[in-house]
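# Residue-level structure breakdown
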Amino acid sequence: MDILISARYYEDNFSYIQQLTSEHRVHVLSVNTPFLCGFLKYIAKQYFPYSFYTRIEPILGKTRTSILVDGKLADSPYPGIAVFLCDHIIDNSSFRRLLPILPNLKWVHSLSTGVDHLICPEIGEREVLLTNSGNVQSERVAEFVLSLILAKAKNLHAHKRLQDRREWSRVTAMEVKGKTVGIIGLGNIGKAVSRKAKCLGMNIVAIRKNPDRTQEDFFVFSLDELYRFLQLSDFIVVCAPLTE
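Heads up: these notes are all about the structure in this document. None of these values were measured; they are calculated from a predicted model.

This next bit is on the sheet that holds strand β5 (residues 81–86). The strands that make up a sheet pair up through hydrogen bonds in the backbone, lying either parallel or antiparallel. With respect to topology, seven strands assemble into an open sheet ordered β4-β3-β2-β1-β5-β6-β7, the strand pairing being mixed. Each edge of the open sheet is held by one strand with a lone partner, namely β4 (72–73) and β7 (129–132). The pairing of strand β3 (residues 66–69) with β4 spans two bridges and is antiparallel. Bridge pairing in β4 links V69 to K72.

Among the nonpolar cores identified, the biggest contains 25 residues, and F84, I90, F95, L98 and V108 are the most heavily contacted of them. Contact partners of L98, with chain neighbours within four places excluded, come to L4, L29, I67, F84 and I90. Formed by 21 residues, the second largest nonpolar core is a distinct cluster that contains A142, A153, I189 and A192.

This next bit is on the packing of aromatic side chains. Within this structure, the stated rule accounts for three aromatic pairs. Pairing F84 with F95 gives two aromatic rings, centres 6.4 Å apart and planes at 20°, and the pair type is stacked. Remark: F95 occurs in helix α5 (residues 92–98) and F84 occurs in strand β5; sequence separation between them is 11 residues. We note that F84, like F95, is buried. Summarising the aromatic geometry, the rings of F219 and F221 are spaced 4.7 Å apart at their centres and angled 70° between planes, so their arrangement reads as edge-to-face. Owing to a relative accessible area of 6%, F221 belongs among the buried residues under this scheme. Members of the aromatic cluster, joined through ring pairs, are F219, F221 and F229.

Here is what the cut-offs are and how they apply
- Residues numbered from 1 in each chain as written.
- Predicted model: local features only at pLDDT ≥ 70, side-chain atom pairs only at ≥ 80, totals over all residues.
- Heavy atoms only, no water.
- Pairing = 2+ DSSP bridges.
- Helix = DSSP H or I, 4+ residues; strand = E, 2+ residues; numbered from the N terminus.
- Core = buried A, V, L, I, M, F, W, Y, C linked by side-chain atoms within 4.5 Å.
- Buried < 20%, exposed > 50% of the residue type's maximum accessible area, 1.4 Å probe, protein only.
- Contact = heavy atoms within 4.5 Å.
- Phe/Tyr/Trp six-rings, centres within 6.5 Å; stacked < 30°, edge-to-face > 60°.

Remember, this is a structural readout, not a statement about activity or role.
And the structure:
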């Protein structure tokens, strides 16, 4: 059985992947984006408002990328590949272009929690198993969420601007203790955020499609109670999957 692995994951986990090569043949996938397109997307994302990036990204995204397997243009079938371990190196359009050259693909595993870049009609029609790394990054993402909450509460962006200008001025800040975090989606990441927010003395409310109010020690709203949920929340954390 052959395994296709994203280049970034292959480089980061080379020693572990070497253990697989004794039993399975490993192929490496890479995606080449035209330099100018990639450069413009980087500039738009880093130096312009996010609203501008969201307008320009679909236009730049139409630029055709090159799909390479083992450093060669993937223009012929790879019937031996049954497993694909991928990350966000590949977008949805590139993934759909990849599927026809993997006629015997049985299993696609996302190395991240999100699978929105892999969902397409073709994968359902071929009954390819799609899995994700559901709880791998939960604690790390939750820590990042708490850092953003503290940065907002303590006005760290204002401190940074003053530091850049070499100025010393008073900056207003607030305590997060007693504030309410509203969590949209109570999967692994949402629950990790709630645990860490409680350690800071914060109140928790959540909203999910099918609330089970017997499992949590905070109130969980249903979707038709969204307005009330938003009224109670000082901070909103979106932990819902990017799917329809």
